[in-house]
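Examination of the molecular architecture
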Amino acid sequence: MLKRIYDLNDIIRAGKVLIIYGPRQVGKTTLIKNFLEGTKLSYRFDTGDNLELARNISACTYDSTDNHVGNYQMIIIDEAQKIPNIGNALKLMADRHPDRIFIATGSSAFELANQTDESLTGRKKVIKLFPISQLELSSKMAKSELKTKLEEYLIYGSYPEVITSALNVEKRDIIENISNSYLIKDILEFDRIKRSDVIIKLLKLLAFQIGSQVSAHELGRQLGIDVKTTLYYLDLLQKSFVIFPLSGFSRNLRNEVSKMSKYFFYDLGVRNALIANFNKFDERNDQGQLFENFMLIERLKRNEYLKHSANSYFWRTYSQKEIDLIEERDGKLFGYEFKWRNEQVKAPKDWTDNYPGSSYEVINRENYLDFIT
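Each value, and the rule that gives it
- Residues numbered from 1 in each chain as written.
- Predicted model: local features only at pLDDT ≥ 70, side-chain atom pairs only at ≥ 80, totals over all residues.
- Heavy atoms only, no water.
- Helix = DSSP H or I, 4+ residues; strand = E, 2+ residues; numbered from the N terminus.
- Buried < 20%, exposed > 50% of the residue type's maximum accessible area, 1.4 Å probe, protein only.
- Salt bridge = Lys/Arg side-chain N within 4 Å of Asp/Glu carboxyl O.
- Lys, Arg positive; Asp, Glu negative; His and termini not counted.
- Polar contact = N/O pair within 3.5 Å; in protein donor to acceptor, adjacent residues only side chain to side chain.
- Contact = heavy atoms within 4.5 Å.
- Pairing = 2+ DSSP bridges.
- Axes fitted to C-alpha atoms, helices over the stretch in contact; angles between N-to-C directions.
- Expected span 1.5 Å × (residues − 1).

Some details on the environment of Asp235
Secondary-structure assignment places Asp235 in helix H13 (residues 227-239). Asp235 sits in the partly exposed class, given a relative accessible area of 26%. Considered as a pair, Asp235 and Pro245 are 10 residues apart in the sequence and their alpha carbons are 9.5 Å apart.

What follows is the structure in structure tokens.
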């Protein structure tokens, strides 16, 4: 059993709704069930897949919500995004029972956030759960072990079931099943998604363009859809925890590129499943792209879990000078360049000239664990 970063005992509060976001199969339900095994509170655990439950709760009446809470000290609703009006229902429960504890999980931030943002203002706490982070693994494994398995993480990703499987063939089967049966299924459940083939083609285009600036107009042209639909699909993929964007950094200098974004994957196993490429690492021509994506998502997890606030960007000039990651923290700028082959490179002169006092560091296979743990 892999111990996750969160201890729910430290997070839950009476009268507040704890919302746990994250893609399917990352361990949200397991996190809750492990917590429930040790709690002395009486609780009710239900899932949004229960149609009768969903119908009763979504009525949002005093009777329907009171009947659901009953005399339990804690109410948990798994996959809560499947229940219409869940935000209003949770608000009613929290308002009428301020001495109780409420927990809701959702595998799609797109739907659950839309239903809870306004109705639960001031009444909720949100945490995100991702595939297993290097930060979490570092609490159990030596750095030498993590480095030995680095190529494995770059190829098969970090979903819990993948991490705990011993054989590569099993890892491949698991991540292909997660990709096809869960993530894509979640996306296609939304009413406005009529053509699953377009979503899959979009994901494949993004999978081949890790580390490159992406134009929504160009993506739409290749897919045969308008830019508005392309942007909607990109937003949907972000809120379903499949991809995340990195925008360009600029202080309005004329030679800086800032209008287009780069897109990266929350899990590299999912990315490799989309393009059907699980080749050995030394046989791949995308080593640098995989390492860059891995550094960015592991840094994102680290900052989220440790509550380190930072704005993240990439930086590039029209003359092709670039830095992979810029973090803006406490009014200061920190530049990071990711190099799989341990190359030593100097900070671009445009960067040091225009942003004096900013830092610059090369992250490679030797020092990467300090950066992400």
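Now that the structure has been shown, we can carry on.
Some points on the pattern of salt bridges
Applying the stated criterion across every chain, the model contains 24 salt bridges. A salt bridge links Arg44 to Asp46; the nearest nitrogen and oxygen atoms lie 2.6 Å apart. Classification of Arg44 by relative accessible area gives partly exposed; the value is 25%. The shortest N-O distance in the salt bridge between Arg316 and Glu322 comes to 2.6 Å. On the basis of relative accessibility, which here comes to 11%, the residue Arg316 falls in the buried class.

Concerning the side chain of Asp324
By the secondary structure assignment, Asp324 is in strand S10 (residues 322-329). The side chain of Asp324 is buried and forms no salt bridge, while Lys262, the nearest opposite charge, is found at 4.6 Å. For Asp324, the side chain forms a polar contact with the main-chain nitrogen of Phe338, separated by 2.9 Å. Each residue touching Asp324, except ones within four places of it in the same chain, is listed here: Leu246, Glu292, Tyr313, Phe314, Tyr336, Glu337 and Phe338.

Things to note about the pairing of strand S9 (residues 311-317)
With 5 of 7 residues buried, S9 is to be regarded as a mostly interior element. Of the pairings in the sheet, the one linking strand S6 (residues 243-248) to S9 comprises 2 bridges and is parallel in character. Counted as the bridge partner of Gly248 is Phe314 from S9. Two elements, strand S7 (residues 256-257) and S9, share 2 bridges in a ladder whose sense is antiparallel. The residue bridging Val257 from the neighbouring strand is Arg316, located in S9. Note: S9 against S10, 5 bridges, orientation antiparallel. Its bridge partner lying in S10, Asn311 is registered against Glu328.

Structural notes on the sheet that holds strand S4 (residues 101-106)
Ordered in space as S2-S3-S4-S1-S5, the 5 strands form an open sheet in which the pairing is parallel. Both outer strands of the open sheet, strand S2 (43-47) and strand S5 (124-128), are each paired with one neighbouring strand and no more. Mean inter-strand twist for the sheet, computed between neighbouring axes without regard to direction, equals 15 degrees. By the bridge criterion, 5 bridges tie S2 to strand S3 (residues 74-78) in an arrangement that is parallel. In the strand pairing of S3, Tyr43 is matched with Met74. Along the sheet, helix H4 (residues 86-96) makes contact with strand S1 (17-21), S3 and S4, crossing S4 at roughly 165 degrees.

Here's the deal with H13
With 13 residues, H13 ought to run about 18 Å at 1.5 Å a step, and its terminal C-alpha atoms sit 18 Å apart, in line with that. Regarding H13, the residues found buried are Thr230, Tyr232, Tyr233, Leu234, Leu236 and Leu237. Where H13 starts, the residue carrying a side-chain oxygen 3.1 Å from the main-chain nitrogen of Lys228 turns out to be Asp226. A positive phi of about 60 degrees marks Phe241, the residue just after H13.

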